[in-house]
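Residues per chain, in single letters:
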Amino acid sequence: MTSLLTPVRGWHRPLVVCVALMFALVVVSGVGTLVDGRTLLDESVWVKPLKFGFAFGLYAGTLAWLLAKVTKGRRLGRWLGTVFAVAATVEVGAITAQAARGTFSHFNADRTDPVTLALVPLLTFGVMVIVIAQLVLAVVVLIQRTGGAALNRAIRSGLALATFGMVVPVFWMVTEIHSRTVTDANGHSVQMYQGHGIGDPDGHGMPLTNWSVSGGDFRVPHFFALHGIQVLLLIAAVLAALAAERVWLRDERVRARLVGSAALGYTGLVAVVTWQAWRGQSLIHPDTTTLLALVAVLLLTVGTTARVIVAAKRTTAKRTAAEHATAERATVQPAGIPEPARLAR
């Protein structure tokens, strides 16, 4: 797993710059939530820039690392990485500008504000650019051989999940239309053409995430899917570290199967929370059907993981026993001395 420690200077530079900007924004937004009392729909105006800065910073960092390993289609990959970095920076920059002004960024249909009129197209088309760049980048990375089987499986499964996570916002943008008027942080009435909540457009959300507690919310599967790649890469890294102490984990194929089992379970989780949101149900208020689906995913994941572990330990035990038997035979019968059966002949 030394490839995971590739020096940052070898990573995709525009994406690294994007990461630095995003995490600087996280710090600024964090301070803003403490010193600025303005709110939008009952949450600090700075919460949204903080969340977007963290999410894009984490994902851009992952892409920067991945693109450093690209050998096939390297030029296309680096160009697309730059497009992604620029689009993400513009997108989050527009969100931050609107937050600083105390008004809404996405879904804002106010035709009287010239700044909003200028920024909304950037926000709308920026999402499309990011999604398209992500789709092509996923293809470029998937044709590579970046490392061992476990790492490759984590990357491929994670990219598939992240791509789904990028598409989810586009889906709700064209399907959930809820025109209404709300009040911004400056006390102005703002026309909104859509909301995040399903069943309750404004969500009446949880602390920090603002995910709806009174209806469905597609931001839930968006979040889980987008960050699945980091979860799977972490699992691959932990398994590689544990292999130093556990013999049965030293087989790359075993670690790859365990990563595959984790990917299966994580995909099942994303599928369930997507289905839950689609039905207008809050993440924290699952019904019996949702709970049963989650239990089924859990049992399937535990079952496949246990099967891999048992098979790996059994194979290791047989191999160890065979090695001990060979060593004992070599000790009892020194080289060069004929065996009794041969002497009888």
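Here's a quick rundown of the structure. Predicted model, so just to flag it, every value in this text is computed and none were measured.

1. As for the environment of alanine 263
- The topology assignment puts alanine 263 in helix H8 (residues 252-278).
- Sequence separation of alanine 263 and serine 157 is 106 residues, and the distance between their C-alpha atoms is 6.3 Å.
- Apart from the residues within four sequence positions on either side, alanine 263 is in contact with Ser157 and Leu232.

2. Here we look at the nonpolar core
- Counting 57 residues, the largest nonpolar core has Leu15, Tyr59, Phe84 and Ile155 as the members making the most contacts within it.
- Of all the elements, helix H5 (residues 149-175) adds the most residues to this core, at 9 residues.
- Counting residues in hydrophobic clusters, the runner-up holds 8 residues, among them Leu40, Val45, Phe104 and Val190.

3. A word on the pattern of salt bridges
- According to the stated counting rule, one finds 7 salt bridges in the structure shown.
- Between arginine 246 and glutamate 245 there is a salt bridge, and its shortest N-O distance comes to 3.6 Å.
- Accessibility expressed as a relative area gives 66% for glutamate 245, which makes it exposed.
- The partner of arginine 253 in a salt bridge is aspartate 251, and the shortest N-O contact between them spans 3.1 Å.
- For aspartate 251, a relative accessible area of 23% gives the class partly exposed.

4. A word on helix H4 (residues 114-142)
- Taking 1.5 Å per residue as the helical rise, H4 with its 29 residues ought to reach 42 Å, and the 43 Å between its terminal C-alpha atoms agrees with that figure.
- The opening residue of H4 is aspartate 113, an N-cap whose side-chain oxygen sits 3.2 Å from the backbone nitrogen of valine 115.

5. Section: unusual backbone geometry
- If you check the backbone angles, aspartate 42 has positive phi at about 70 degrees while not being a glycine.
- With respect to the helices and strands, aspartate 42 occurs in the loop between strand S1 (39-40) and strand S2 (43-44).
- Even without a glycine there, the phi angle at phenylalanine 107 is positive, about 70 degrees.
- Phenylalanine 107 gets classed as buried once you look at its relative accessible area, which sits at 6%.

6. A look at the pairing of strand S3 (residues 180-183)
- Residues of S3 alternate between two faces, with Arg180 and Val182 buried on one and Thr181 and Thr183 left unburied on the opposite face.
- As defined by bridge partners, S3 adjoins strand S4 (residues 189-192) across 4 bridges and the pair is classed as antiparallel. Across the sheet, residue threonine 183 finds its bridge partner in S4, namely serine 189.
- Taking the residues that link successive antiparallel strands as the turn, the S3-S4 hairpin has 5 residues, and the phi of glycine 187 there is positive, at about 85 degrees.

What counts as what
Residues numbered from 1 in each chain as written. Predicted model: local features only at pLDDT ≥ 70, side-chain atom pairs only at ≥ 80, totals over all residues. Heavy atoms only, no water. Helix = DSSP H or I, 4+ residues; strand = E, 2+ residues; numbered from the N terminus. Contact = heavy atoms within 4.5 Å. Core = buried A, V, L, I, M, F, W, Y, C linked by side-chain atoms within 4.5 Å. Buried < 20%, exposed > 50% of the residue type's maximum accessible area, 1.4 Å probe, protein only. Salt bridge = Lys/Arg side-chain N within 4 Å of Asp/Glu carboxyl O. Expected span 1.5 Å × (residues − 1). Polar contact = N/O pair within 3.5 Å; in protein donor to acceptor, adjacent residues only side chain to side chain. Pairing = 2+ DSSP bridges.

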